[in-house]
Amino acid sequence: MAQILKNQGSHRILAIMAGIGGENSLQLIELAGRTSYQSRAQITNDSAARFVKMLRERGHESVLEHSCMTVEFNNVSRGFTHELVRHRLASFTQESTRYVDGGDFKVVIPPAQDKDEKLVELNLPNGIKLKVSFQDWMDLNEQMYRGLRKAGWIRQDARQVLPNGIKAQIVVTANFREWRHIFKVRTAPDAHWEIRQVMKNLLEDLKKKIPIIFDDL
Ligand SMILES: Cc1cc2nc3c(=O)[nH]c(=O)nc-3n(C[C@H](O)[C@H](O)[C@H](O)COP(=O)(O)OP(=O)(O)OC[C@H]3O[C@@H](n4cnc5c(N)ncnc54)[C@H](O)[C@@H]3O)c2cc1C
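This write-up is about the structure you can find in this document. (Residues numbered from 1 in each chain as written. Predicted model: local features only at pLDDT ≥ 70, side-chain atom pairs only at ≥ 80, totals over all residues. Heavy atoms only, no water.)

Every residue lining the ligand is accounted for by Arg86, His87, Arg88, Leu89, Glu178, His181, Val185, Arg186 and Asp190. One nitrogen or oxygen atom from the side chain of Arg86 is found 2.9 Å from an oxygen atom belonging to the ligand. Residue Arg88 places a side-chain N or O atom 2.6 Å away from an oxygen atom belonging to the ligand. Per-class residue counts for the shell around the ligand are two nonpolar, two polar and five charged. (Near = heavy atom within 4 Å. Polar contact = N/O pair within 3.5 Å; in protein donor to acceptor, adjacent residues only side chain to side chain. Nonpolar A, V, L, I, M, F, W, Y, C, P; charged D, E, K, R; others polar.)

All right, on to the packing of helix H1 (residues 25–37) against helix H2 (residues 47–58) then. Two elements in contact, H1 and H2, have axes separated by 9 Å at closest approach and are oriented at 65°. In terms of crossing hand, the pair formed by H1 and H2 is left-handed. Each of Leu26, Gln27, Ile29, Glu30, Gly33, Arg34 and Tyr37 in H1 lies in contact with H2, whose residues at this interface are Ser47, Ala48, Ala49, Phe51, Val52, Met54 and Leu55. Among the residues forming the contact of H1 with H2, the class breakdown is nine nonpolar, three polar and two charged. (Axes fitted to C-alpha atoms, helices over the stretch in contact; angles between N-to-C directions. Helix = DSSP H or I, 4+ residues; strand = E, 2+ residues; numbered from the N terminus. Left-handed = near helix turned anticlockwise from the far one by under 90°. Contact = heavy atoms within 4.5 Å.)

So, on to the environment of Ala158. Note that Ala158 resides in helix H5 (residues 155–158). It is 8.2 Å that separates the C-alpha atoms of Ala158 and Arg146, two residues lying twelve residues apart in sequence.

What follows deals with the sheet that holds strand S8 (residues 167–175). One key point about sheets: their strands pair by backbone hydrogen bonds, in either a parallel or an antiparallel sense. The antiparallel open sheet is built from four strands, whose spatial order is S2-S3-S8-S4. Two strands bound the open sheet, and with one partner strand each, they are strand S2 (10–16) and strand S4 (91–94). For this sheet, the mean angle separating the axes of adjacent strands, direction not counted, is 20°. Pairing of S4 with S8 involves four bridges; the strand directions are antiparallel. (Pairing = 2+ DSSP bridges.)

The subject of this paragraph is a nonpolar patch on the surface. On the surface, Leu124, Ile128 and Leu130 cluster together to form a nonpolar patch covering roughly 230 Å² of accessible area. Inspection of the secondary structure puts Leu124 in the loop between strand S6 (120–123) and strand S7 (129–132). (Patch = residues over 30% accessible without salt bridge, like charges linked within 9 Å, V, L, I, M, F, W, Y side chains within 5 Å. Areas by Shrake-Rupley, 256 points an atom, 1.4 Å probe, with all protein chains shown as cover. Salt bridge = Lys/Arg side-chain N within 4 Å of Asp/Glu carboxyl O.)

Let's shift gears to helix H6 (residues 176–186). Here H6 has its buried residues at Phe176, Glu178, Trp179, Arg180, Ile182, Phe183 and Arg186. Where H6 begins, one side-chain oxygen reaches toward the backbone nitrogen of Arg177, 3.0 Å away; that side chain belongs to Asn175. (Buried < 20%, exposed > 50% of the residue type's maximum accessible area, 1.4 Å probe, protein only.)

Bringing the packing of H6 against helix H7 (residues 193–209) into the picture now. Between H6 and H7, the shortest axis-to-axis distance is 9 Å and the interhelical angle comes to 135°. Put simply, H6 runs oblique to H7. In terms of crossing hand, the pair formed by H6 and H7 is left-handed. Where H6 approaches H7, its residues Trp179, Ile182, Phe183 and Arg186 are matched on the opposing element by Ile195, Arg196, Met199, Leu202, Leu203 and Leu206. Of the residues in the contact of H6 with H7, the class split is eight nonpolar, no polar and two charged. (Parallel < 35°, antiparallel > 145°, perpendicular 65-115°, else oblique.)

Checked against the element boundaries, Ser25 lands in helix H1. In this view, Ser25 contacts Ile16, Met17, Ala18, Ser67, Phe176 and Ile210; residues no more than four positions away in its chain are not counted.

Attention shifts here to H7. Taking 1.5 Å per residue as the helical rise, H7 with its 17 residues ought to reach 24 Å, and the 24 Å between its terminal C-alpha atoms agrees with that figure. Glu194, Ile195, Val198, Met199, Leu202, Leu203, Asp205 and Leu206 are the residues of H7 that are buried. Angularly, the buried residues of H7 cover 160° about the axis, an arc narrow enough to put them on a single face. Next to the buried residues of H7 lie S2, strand S3 (68–77), helix H3 (78–84), strand S5 (106–108), H6 and helix H8 (211–214). (Expected span 1.5 Å × (residues − 1). Arc of directions from axis to C-beta.)

In structure tokens:
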């Protein structure tokens, strides 16, 4: 039976780039940024946050590109990952539907919808009518996918019947400037609910971890 995922999209921060001299990401950005003013002598234990905030407020966002972050997203849909990979300045590795089987066949449902409500009447052969729910349709979908695999279709062929809501995993690496751009467009009111919710959660997390980079968003 297909497993329906509701509000289960999540993130896991895998890495935030720091300096090999022990600098954290803000100190790394400060080190790079002060190249411009030749003012590294002014670096103190607590100068990085002030310096990076100044850069951000003046719009010198290119300096924020010196540090980057890698994030894994789980229990999101293929539709989510398709939107994310449009961000050309990021790097991606995504669960393959060519090489990985439908597995446990998890599917993401919109949070406002009821997976069991029999909303749609299907017209089947011989005049048979059958009312089905989202859950029913995904169960049929799973049967079709597994049936094609059993009949000899290889994964990359059978995947043609997978739904857009099928669960996916993706790892994304981008510099902080690009992450800021992703948050701006993907947490906006007109963004799709799934990517919006997951990105809002990640942004809230980051506001605690590295507020200077993200707390104006
Ligand atoms: C609400 C919403 C609805 C959308 N609807 C659709 C839709 O209906 N159809 C559709 O196809 N897409 C749609 N998209 C995707 C959208 O068009 C972009 O492809 C996606 O948001 C990536 O944005 P971007 O190009 O700004 O960012 P990125 O690719 O992340 O690039 C970041 C920035 O780098 C610069 N940049 C990157 N590449 C270039 C380049 N080649 N030349 C010059 N500057 C560059 C730009 O300043 C860009 O903003 C939608 C996106 C959103 C948020």
